[in-house]
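So the chains spell out like this:
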Amino acid sequence: MALDKETLKQFLDTLERFVEQRLRPLESQVGSEDRIPDDVFEEMKTLGLFGLTIPEQYGGLGLNMSEEVAVARVFGHTSPAFRSAFGTNVGIGSQSLVIDGTQAQKKHYLPRMATGEIIGSFCLTEPDAGSDAASVRMTAKKDADSYVLNGTKRFITNAPKAQLFSVFARTNTAVKGARGVSAFLVDAASDGIELGPAYKKMGQQGTYVCDVFFADVRVPAENLIGGKENVGFKTAMKVLDKGRLHISALSLGIAERLIKDCLNYARERKQFGQPIAEFQLIQAMLADSKTEAYAAECMIADTARRRDEGEDVAVLAASCKLFATEMVGRVADRAVQIFGGAGYVEDYGIERFYRDVRLFRIYEGTSQIQQTVIARDMIKNG
Amino acid sequence: MKVLVAAKRVVDYNVNIRVLSDNTGVDLNNVKMSLNPFDEIAIEEAVRLREAGTAEEVIVVSVGTSACQEQIRTALALGADRGILVETDEDMQPLAIAKVLKAIVDKEQPSLVIAGKQAIDGDNSQTGQMLAALAGLGQATFASQLVMGDGEATVTREVDGGAETITVKLPAILTTDLRLNEPRYASLPNIMKAKKKPIDVYTPEDLGVDVTPRVKTLKVEPPASRKAGIIVESVEELVDKLRNEAKVIS
Ligand SMILES: Cc1cc2nc3c(=O)[nH]c(=O)nc-3n(C[C@H](O)[C@H](O)[C@H](O)COP(=O)(O)OP(=O)(O)OC[C@H]3O[C@@H](n4cnc5c(N)ncnc54)[C@H](O)[C@@H]3O)c2cc1C
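Model, not experiment: these values are computed from the prediction.

## Remarks on the overall build of chain A
Logical step 1: A count of helices and strands for chain A gives 13 helices and nine strands.
Logical step 2: Its C-alpha atoms give chain A principal-axis dimensions of about 80 × 50 × 45 Å.
Logical step 3: The 382 residues of chain A split such that 49% are buried.
Logical step 4: Taking the intrachain contacts of chain A between residues at least 6 apart in sequence as the baseline, contacts between residues at least 24 apart amount to 75%.

See below:
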C-alpha cells in the first residue's frame, strides 16, 4: 500500500515526536541497564510498529519499501536498540513468511506478529556458516508428516524473546550449497530447543542475541515455508535484500542524529577564544559527514522506489548497505573527534553511538560480502 | 454527554521564532506548525472521558485558515469523533475566537468544553475565560485534575500558592494545565481512521459572528539580546558592581 502524503507525514511526525520525547531521554538508561523498559515495549505495540510491513489483510500496516525506510530513518535518531525491539518483526523475523509463506501459514502467524504478541527471529547463521550462509549444516530430516531438525544457530537477534523462529536447514544433504536448504517456521517452545546465554556485546545494549540449539526438534511438515523444499536459501536472500535497505536507512538516521549533535557541540564549545565550528578543520569534518549522509539518502530513496516499482534491487540494496553503513561508521568516528574528550567519555552518548553503529557493517552481510555481491554482478552482467 | 474541545494551530514549540524585519509580526514562512500542546492535553482528557464511558462524543473545533484541518486531523487521530472548522483568513484574536466558540457551544450544546489554558503563540490565556463569560457558564481554569460527578465536575487548579480544588456545575468551561495528563501518540491505524471522520466547515458569517480584530498591533520586537556576562574576582567586587554599575542595591 502506498499511503497518501498527508497520512505518511502525520505518521512520521508522530514517530519523530515519540523518538524525541519518549525514547531519547531513555538512551543512557537503556545503555547501562541493557534493557528496554516494558512500558516502552507496550507503547511500541500500540503505535503499530510491530506490524509496519505485515500486509493489511493480516492486521499490519502494509508499508511499502519507501515508507519503511522513512520509518527506519526516524528510528535512527535515537539508540538503535529501540528499533531492534520491533525490528525483527518488521524485517528478518517476519519477511520469510510474508514473502514466501502459504496463505494458511500467513493467516496462522502474521496477525499476532503484527500486534507484537509473537516476536519472530531469523535463524540463518551457524558457528561454521556466517558469510558463507549457503553452507548451513543444520539438518531437517523428513519423518512421516514432520521434519526433525538438528544443529546450532549462532548470534540470533531477539531469540530470548521470540515465540517464532524462521529456520534455515538442509533438507538435501547430498547438495552442499544453497540448493539443499529449506526454510521452516518453528515454534520457539518446541521440545528440543535450547537457548544459549545472551552474548555480551560491544554495543546496542538493550538488544539481545544468543545461540539457539536444536536437538531432534519435530516440526510439522505444514510449517515448511511455502510448502516447497530446497528453495529456502532464495527466501533468505529475498528477506536480506529488504533488510539491507532497512539497515541502510537506519544508518542514515543515526548519521543525521550525530551530525546534529556535532553541529550543536561545535557551535557551543569554545577554544582559542572562538567556537570550534569556526575552525576550518572542524568544518571539513562537518561538511564531509553532511555530504556523505546526503549521498546515502539519495541512494536509499532511489533503490526503495525502484523496489516498489517491481525492479530486482539485490545489487542496488547491497550498494546502499555497503555505503550507508560504512558512511555512518565514518560519521561516528568524526563525531568522537569533534567532541574530543567529551566524545570518548560516556556522558555525551557519542561513544555509545560509535559502538552501536559498528554492528551495521557486520550483520545482514558484512561490507566485504556486499562488495562481493556487487562485483560478481558487474563481472557477470557487464 | 458531549465534550467540545478547542484546538489551535500554532508554531511548533521547537521552532526558533524570528521577528519580521519590518516589525509587523513573526516570520511564519516555511515554519513547522503544530497543535497547541495545551489543546493536545485537552483532547487527551476528553478522549479519556469517552473511553471511561462518561462522554459519548468528542467534538474538536478549530478557528482559522483551511490549513487548520491538519490540526483537526491530528485531534481526530488522537481519538476525537468529529471536527468543526470555522474557516477565516482574518487575524483571529482571543475575543473573536471566544465569540466563534460561543456560537458553536450554542449549536452543539456540549456538557463540557475543554480548551488549553493558553496557546503557545500569543500566550494570552484569555479565550477560555472570555468564552465562559459570553456563554454564561462556570469556568475551571488551569486544571491539573478533573473528576466528573453528577451534573458537576470537581477540578483541581494550579494556582500561585499551590493547588485549589473547586466544583463547577455543568455545562462548564475547563482549561488545561500541563500536569492534567500525558497525551498519547497517535497510531498509524488511528491516523488512517481519522481521515474518514467528518469535518464540518463554517465561516464566521455562517455563525453570525463579527471577527474583525479589535486590537491593533503596533510593533513586534524580539526580546533584547543579553550582553555577555563578566566574571568577578571577589564578593567585594560583586557588591561594588551591583551598587555602582547595575545600581540594583544601594
Ligand atoms: C549482534 C548480532 C546480531 C546478529 N543477528 C543475526 C540474526 O538475527 N540472524 C542470523 O541469522 N544471523 C545474525 N547475526 C550473524 C551475522 O549475520 C554474521 O555475524 C555475519 O553474517 C558475519 O558472519 P560471521 O560472523 O560468521 O563472520 P565470517 O563470515 O567468519 O567473516 C569474518 C571476516 O571474513 C570476511 N569474509 C568472509 N567471507 C569473505 C569473502 N568471501 N570475501 C572476503 N571477505 C570475506 C568477512 O567480511 C569478515 O570480515 C548476527 C550477528 C551479530 C553480531
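## Quick notes on the overall build of chain B
Logical step 1: Per the secondary structure count, chain B includes six helices and 11 strands.
Logical step 2: Referenced to the eigenvectors of the C-alpha coordinate spread, the extents of chain B come out at roughly 65 × 45 × 40 Å.
Logical step 3: When each of the 250 residues of chain B is scored for burial, the buried share is 37%.
Logical step 4: In chain B, 69% of the contacts between residues at least 6 apart in sequence involve partners at least 24 apart.

## Remarks on the site of the ligand
Logical step 1: Lining the immediate environment of the ligand, one finds 22 residues, of which G130, S131, T157, T366 and Q368 of chain A sit closest.
Logical step 2: Residue composition of the shell around the ligand, grouped by class: 11 nonpolar, nine polar and two charged.

## Some thoughts on unusual backbone geometry
Residue and element names in this part refer to chain B.
Logical step 1: For the bond from L170 to P171, the omega torsion is -5°, close enough to zero to count as cis.
Logical step 2: Tracing the chain through its elements places P171 in the loop between β9 (162-169) and β10 (172-176).
Logical step 3: Its identity as a non-glycine residue notwithstanding, N30 has a phi of 55°, on the positive side.
Logical step 4: Within the secondary structure, N30 is located in the loop between β2 (9-11) and β3 (33-35).
Logical step 5: In this structure, F142 is a non-glycine residue whose phi angle is positive, near 55°.

## Examining helix α1 (residues 37-51) of chain B
Residues and elements named next belong to chain B.
Logical step 1: The terminal C-alpha atoms of α1, which comprises 15 residues, lie 21 Å apart, in line with the 21 Å expected from a rise of 1.5 Å per residue.
Logical step 2: Within α1, 11 of the 15 residues are buried, which leaves it mostly tucked inside the rest of the structure.
Logical step 3: Among the residues of α1, F38, D39, E40, I41, A42, I43, E44, E45, A46, V47 and L49 are the ones counted as buried.
Logical step 4: Trailing α1 by a residue or two, G53 shows a phi angle of about 85°, which is positive.

## Considerations on the sheet that holds strand β6 (residues 112-116) of chain B
In a beta sheet, neighbouring strands are held together by backbone hydrogen bonds and run either parallel or antiparallel to one another.
All names here are of chain B.
Logical step 1: In spatial order, the strands read β9-β8-β7-β10-β6-β1-β4-β5-β11; together these nine strands make up an open sheet with mixed pairing. Both edges of this open sheet fall to β9 and β11 (199-202), since each of them pairs with a single strand only. Along the sheet, successive strands turn relative to each other by an average axial angle of 35°, direction set aside.
Logical step 2: For strand β4 (residues 57-64) and strand β5 (residues 82-87), the ladder comprises six bridges, and the chain directions are parallel. Across the sheet, the residue bridging to V60 is G83, located in β5.
Logical step 3: Against the sheet, helix α4 (residues 127-135) makes contact with β6, β7 (138-148) and β10, and its axis sits at roughly 105° relative to β7, the strand it touches most.

## Notes on the packing of helix α8 (residues 232-268) of chain A against helix α10 (residues 314-339) of chain A
All names here are of chain A.
Logical step 1: Taken N-terminus to C-terminus, the directions of α8 and α10 make an angle of 20°; their axes are 8 Å apart at the nearest point. Taken together, the axis directions place α8 and α10 in an arrangement best described as roughly parallel. For α8 against α10, the interelement crossing comes out left-handed.
Logical step 2: A per-class count over the contact of α8 with α10 returns 22 nonpolar, three polar and four charged.

## A word on the pairing of strand β7 (residues 209-220) of chain A
Residue and element names in this part refer to chain A.
Logical step 1: Of the pairings in the sheet, the one linking strand β3 (residues 146-157) to β7 comprises nine bridges and is antiparallel in character. Of the residues in β7, the one forming a bridge with K153 is V212.
Logical step 2: Two elements, strand β6 (residues 193-195) and β7, share three bridges in a ladder whose sense is antiparallel. The residue of β7 that forms the bridge with L195 is V212.

## Re the domain arrangement of chain A
Residues and elements named next belong to chain A.
Logical step 1: Entries for chain A in the domain assignment read domain 1 (5-115), domain 2 (120-230) and domain 3 (234-381).
Logical step 2: Distance between the C-alpha centres of domain 2 and domain 3: 30 Å.
Logical step 3: The interface of domain 2 with domain 3 comprises nine residues on the first partner and nine residues on the second.
Logical step 4: Each residue belonging to the side of domain 2 that touches domain 3 can be placed in one class, and the counts come to six nonpolar, three polar and no charged.

## Some details on the nonpolar core
Logical step 1: Formed by 171 residues in total, the largest nonpolar core has its most connected members in F184 of chain A together with V5, A46, V60 and A80 of chain B.
Logical step 2: Top contributing element to this core by residue count: α8 of chain A, with 15 residues.
Logical step 3: The residues contacting F184 of chain A, other than those within four sequence positions of it, are A140, Y147, V167, A169, V219, N223, L224 and I225 of chain A.

## A closer look at the interface of chain A and chain B
Logical step 1: Contacts between chain A and chain B engage 10 residues on the former and 11 residues on the latter.
Logical step 2: Of all elements in the fold, only α1 (5-23) and α3 (38-47) of chain A reach the threshold of two or more residues within the side of chain A that touches chain B.
Logical step 3: If one sorts the elements of the side of chain A that touches chain B by residue count, α1 of chain A sits on top with six residues.
Logical step 4: Across the side of chain A that touches chain B, the residue classes break down as four nonpolar, five polar and one charged.

## A few points about the pairing of strand β1 (residues 2-6) of chain B
Residues and elements named next belong to chain B.
Logical step 1: Of all five residues in β1, four are buried, a share of seventy percent or more.
Logical step 2: The sheet contact formed by β1 and β4 spans five bridges and is parallel. Counted as the bridge partner of A6 is V61 from β4.
Logical step 3: As defined by bridge partners, β1 adjoins β6 across three bridges and the pair is classed as parallel. In the sheet register, L4 faces β6, and the bridge partner there is V113.

## Regarding the confidence of the model for chain B
Logical step 1: Chain-level statistics for chain B give a pLDDT mean of 94 and a share of 100% at 70 or above.
Logical step 2: In the predicted complex, the global pTM is 0.89; the interface-specific ipTM is 0.76.

## Structural notes on α8 of chain A
Logical step 1: Taking 1.5 Å per residue, 37 residues should reach 54 Å; α8 of chain A reaches 54 Å between its end C-alpha atoms and fits that length.
Logical step 2: The element α8 of chain A is largely enclosed, with a buried count of 27 among its 37 residues.

The rules we used
- Residues numbered from 1 in each chain as written.
- Chains lettered and ligands numbered in written order.
- Predicted model: local features only at pLDDT ≥ 70, side-chain atom pairs only at ≥ 80, totals over all residues.
- Helix = DSSP H or I, 4+ residues; strand = E, 2+ residues; numbered from the N terminus.
- Buried ≥ 20, exposed ≤ 12 C-beta atoms within 10 Å, placed from the backbone.
- Contact = placed C-beta atoms within 7 Å.
- Near = placed C-beta within 6 Å.
- Nonpolar A, V, L, I, M, F, W, Y, C, P; charged D, E, K, R; others polar.
- Expected span 1.5 Å × (residues − 1).
- Pairing = 2+ DSSP bridges.
- Axes fitted to C-alpha atoms, helices over the stretch in contact; angles between N-to-C directions.
- Parallel < 35°, antiparallel > 145°, perpendicular 65-115°, else oblique.
- Left-handed = near helix turned anticlockwise from the far one by under 90°.
- Domains from an automatic or database assignment.
- Core = buried A, V, L, I, M, F, W, Y, C linked by C-beta atoms within 7 Å.
- pLDDT = per-residue confidence, 0-100.

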